[in-house]
There are 2 protein chains.
Amino acid sequence: MAHSSPEHWDQVATVPEVVVTRLPQYVRVLKELAAQGVQVANSQQLGEHLQVTPAQIRKDLSYFGRFGKQGRGYHIGTLLEELQHILGLNEQWNVAVVGVGRLGKAILSYPGFTPDGFHIVAALDNNPELIGQEVEGVAVRPMEDLPGVVQQHNIQIAVVAVPSRFTQTVIDNLVECGVRAILNYAPISPQVPTGVNVRNIDPVLSLQSMTYFLANGG
Amino acid sequence: MAHSSPEHWDQVATVPEVVVTRLPQYVRVLKELAAQGVQVANSQQLGEHLQVTPAQIRKDLSYFGRFGKQGRGYHIGTLLEELQHILGLNEQWNVAVVGVGRLGKAILSYPGFTPDGFHIVAALDNNPELIGQEVEGVAVRPMEDLPGVVQQHNIQIAVVAVPSRFTQTVIDNLVECGVRAILNYAPISPQVPTGVNVRNIDPVLSLQSMTYFLANGG
């Protein structure tokens, strides 16, 4: 899936990760605007929808080339398509879930992944009682099958739902098998080598952004 | 917990929600800087850590008064304390979990809430088999007990882990009982009246920010 030229590699290397984490939110807002029939928006208007400064938007988008024409704004449809292409959102991705406890089972039954191109095709655990069972149509495989499973299904993304004390070891194993994108549900920040990306699902950050309104009676 | 003066209400009303969602991340970075012994940082330096423009940081913080001295930067310790106070992070919050299926059970056993002041004190479900059971030391109560439970425990925050088709109804019930902060795990965007805040846990956005690196061989 990597059609990378040397220039492309350079480009990827220079885009800060935090900028990339904002782009899916841009895509969401652009989809909403497109659905409302909006055809063109300038960075001021996009900024109002995203609540970021126009300068921030221009800076974020500047990493990927010139989208807007000076003084003319961005064509929503084009920008949306380009961003989806840049983010690889028009591709299909095979995903493995590691850890089939309560959380892993909940993830396997989560209906939100497939419509966006993420297909959970494998589940792994080291619990003998779980191995061999089917959960949501996916057979649970033992952890030692990981290298074979990753290769067989061309898995590039893993969702890790194991207890905190096992998380780093599991992620080390995944990285060894060539997985380079990991979604971690444990409340720790795992270490990974350069070239591997981790995102942490962090409900505490979300809660902390609501207590403001409670504490201030808003 | 609301010590609101009329001016305070005005202030709360004018801070965009998206700005507030960024503040917990500022708090995280400030905590890291403080732990490293950094005492002062200007918006340029903070921006490098957060990967947002200095102008964005100054704008975000300007909603809450003047923190930095012109040309002198921000005092990390003071800014951290102020932001924690503003966000209500020095308070303790009682939380109810609604929906005690796989996901709800996983949430009840999640160790990351308590250290940050969020205490799960109640669990509710409408499944007769679950009602009366104890999960992680919390007794599962029937949904019709909701008004009493909310009042008894002074619950201001709810975590909703019910299937999508029940989510809106459950959230309507919570709002009726006076809950004004809701963390929703279903892949839908529920509607709430003004004055109530919802955050959606959205693993898809996280996955979408990693496919960029996979698609571009980075």
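None of the values given here were measured: they were computed from a predicted structure.

### A look at the interface of chain A and chain B
It is common to report an interface's size as the accessible area lost on association of the parts. With 62 residues of chain A at the interface, the matching set in chain B holds 62 residues. Among the elements of the structure, α1 (6-14), α2 (17-35), α4 (54-62), α6 (102-108), β8 (181-184), β9 (197-200) and α9 (203-215) of chain A are those that each provide at least two residues to the side of chain A that touches chain B. The element best represented in the side of chain A that touches chain B is α9 of chain A, accounting for 13 residues. Among the residues making up the side of chain A that touches chain B, the classes are represented as 36 nonpolar, 19 polar and seven charged.

### A look at the sheet that holds β9 of chain A
Residue and element names in this part refer to chain A. Pairing in this open sheet of seven strands is mixed, and the strands run β5-β6-β4-β3-β7-β8-β9 from one edge to the other. The open sheet has two edge strands, β5 (134-135) and β9, and neither has a second partner. Where strand β4 (residues 118-125) and strand β6 (residues 138-142) come together, three bridges link them in parallel fashion. Pairing of Ala123 across the sheet is with Val140, part of β6. Together, β3 (93-98), β7 (157-160) and β8 form the strand contacts of helix α8 (residues 164-176), whose direction differs from that of β7 by roughly 170 degrees.

### Concerning the relation of the copies chain A and chain B
When chain A is brought onto chain B, the operation consists of a screw motion whose angular component is 180 degrees and whose axial shift is 0.0 Å, with 0.0 Å RMSD remaining. Read as a symmetry element, the transformation amounts to a two-fold axis. Distance from the rotation axis, computed per C-alpha, reaches its smallest value in chain A at Arg102 of chain A: 2.5 Å.

### A look at the packing of α9 of chain A against helix α2 (residues 17-35) of chain B
Contact geometry of α9 of chain A with α2 of chain B gives a least axis separation of 8 Å together with a crossing angle of 120 degrees. Compared by their axis directions, α9 of chain A and α2 of chain B come out oblique. Between α9 of chain A and α2 of chain B lies a crossing of right-handed hand. On α2 of chain B, the residues touching Leu205, Gln208, Ser209 and Tyr212 of chain A of α9 of chain A are Val20, Thr21, Leu23, Pro24 and Gln25 of chain B.

### Here we look at the confidence of the model for chain A
Residue and element names in this part refer to chain A. On average, residues of chain A score 88 in pLDDT, and 92% of them are at 70 or above. Segment residues 1-10 is flagged for pLDDT under 50; beyond a separation of four residues in sequence, or across chains, it makes ten contacts in the model. Across the interface, the model reports ipTM at 0.85; the global pTM reads 0.79.

### Overview of the nonpolar core
The biggest cluster of nonpolar side chains holds 119 residues, and the ones touching the most others in it are Val97, Ala158 and Val160 of chain A together with Val95, Val97, Ala158 and Val160 of chain B. Once residues within four sequence positions are removed from consideration, Val95 of chain B is found in contact with Phe118, His119, Ile120, Val121, Ile155, Ile157, Ala158 and Val159 of chain B.

### Digging into the environment of His49 of chain A
Note on placement: His49 of chain A falls in helix α3 (residues 43-50). In this structure, the C-alpha to C-alpha distance between His49 of chain A and Leu30 of chain A, residues 19 residues apart in sequence, is 9.4 Å.

### Observations concerning the environment of Leu80 of chain A
Residue and element names in this part refer to chain A. Here Leu80 is to be found in helix α5 (residues 76-86). We classify Leu80 as partly exposed; it has 19 C-beta atoms within 10 Å. Excluding residues that lie within four positions of it along the chain, Leu80 makes contacts with Val27, Leu30, Lys31 and Ala34.

### Here we look at the environment of Pro163 of chain A
Following the sequence through the fold, Pro163 of chain A ends up in the loop between β7 and α8. In this structure, the C-alpha to C-alpha distance between Pro163 of chain A and Ile188 of chain A, residues 25 residues apart in sequence, is 9.9 Å.

### Describing the sheet that holds strand β5 (residues 134-135) of chain B
Strand order in the open sheet formed by seven strands is β5-β6-β4-β3-β7-β8-β9 (chain B), with mixed pairing between adjacent strands. Since the sheet does not close on itself, it has two edges, and those belong to β5 and β9 (197-200) of chain B, each with one partner. Bridge count between strand β8 (residues 181-184) of chain B and β9 of chain B: four bridges; the pairing is parallel. In the sheet register, Asn184 of chain B faces β9 of chain B, and the bridge partner there is Asn200 of chain B. On the sheet, α9 of chain A packs against β3 (93-98), β4 (118-125), β7 (157-160), β8 and β9 of chain B and is oriented at approximately 160 degrees with respect to β8 of chain B. Helix α8 (residues 164-176) of chain B contacts β3, β7 and β8 of chain B of the sheet and is inclined by roughly 170 degrees relative to β7 of chain B.

The rules behind the values
Residues numbered from 1 in each chain as written. Chains lettered and ligands numbered in written order. Predicted model: local features only at pLDDT ≥ 70, side-chain atom pairs only at ≥ 80, totals over all residues. Contact = placed C-beta atoms within 7 Å. Helix = DSSP H or I, 4+ residues; strand = E, 2+ residues; numbered from the N terminus. Nonpolar A, V, L, I, M, F, W, Y, C, P; charged D, E, K, R; others polar. Pairing = 2+ DSSP bridges. Axes fitted to C-alpha atoms, helices over the stretch in contact; angles between N-to-C directions. Least-squares fit on C-alpha atoms with pLDDT ≥ 70 in both. Parallel < 35°, antiparallel > 145°, perpendicular 65-115°, else oblique. Left-handed = near helix turned anticlockwise from the far one by under 90°. pLDDT = per-residue confidence, 0-100. Core = buried A, V, L, I, M, F, W, Y, C linked by C-beta atoms within 7 Å. Buried ≥ 20, exposed ≤ 12 C-beta atoms within 10 Å, placed from the backbone.

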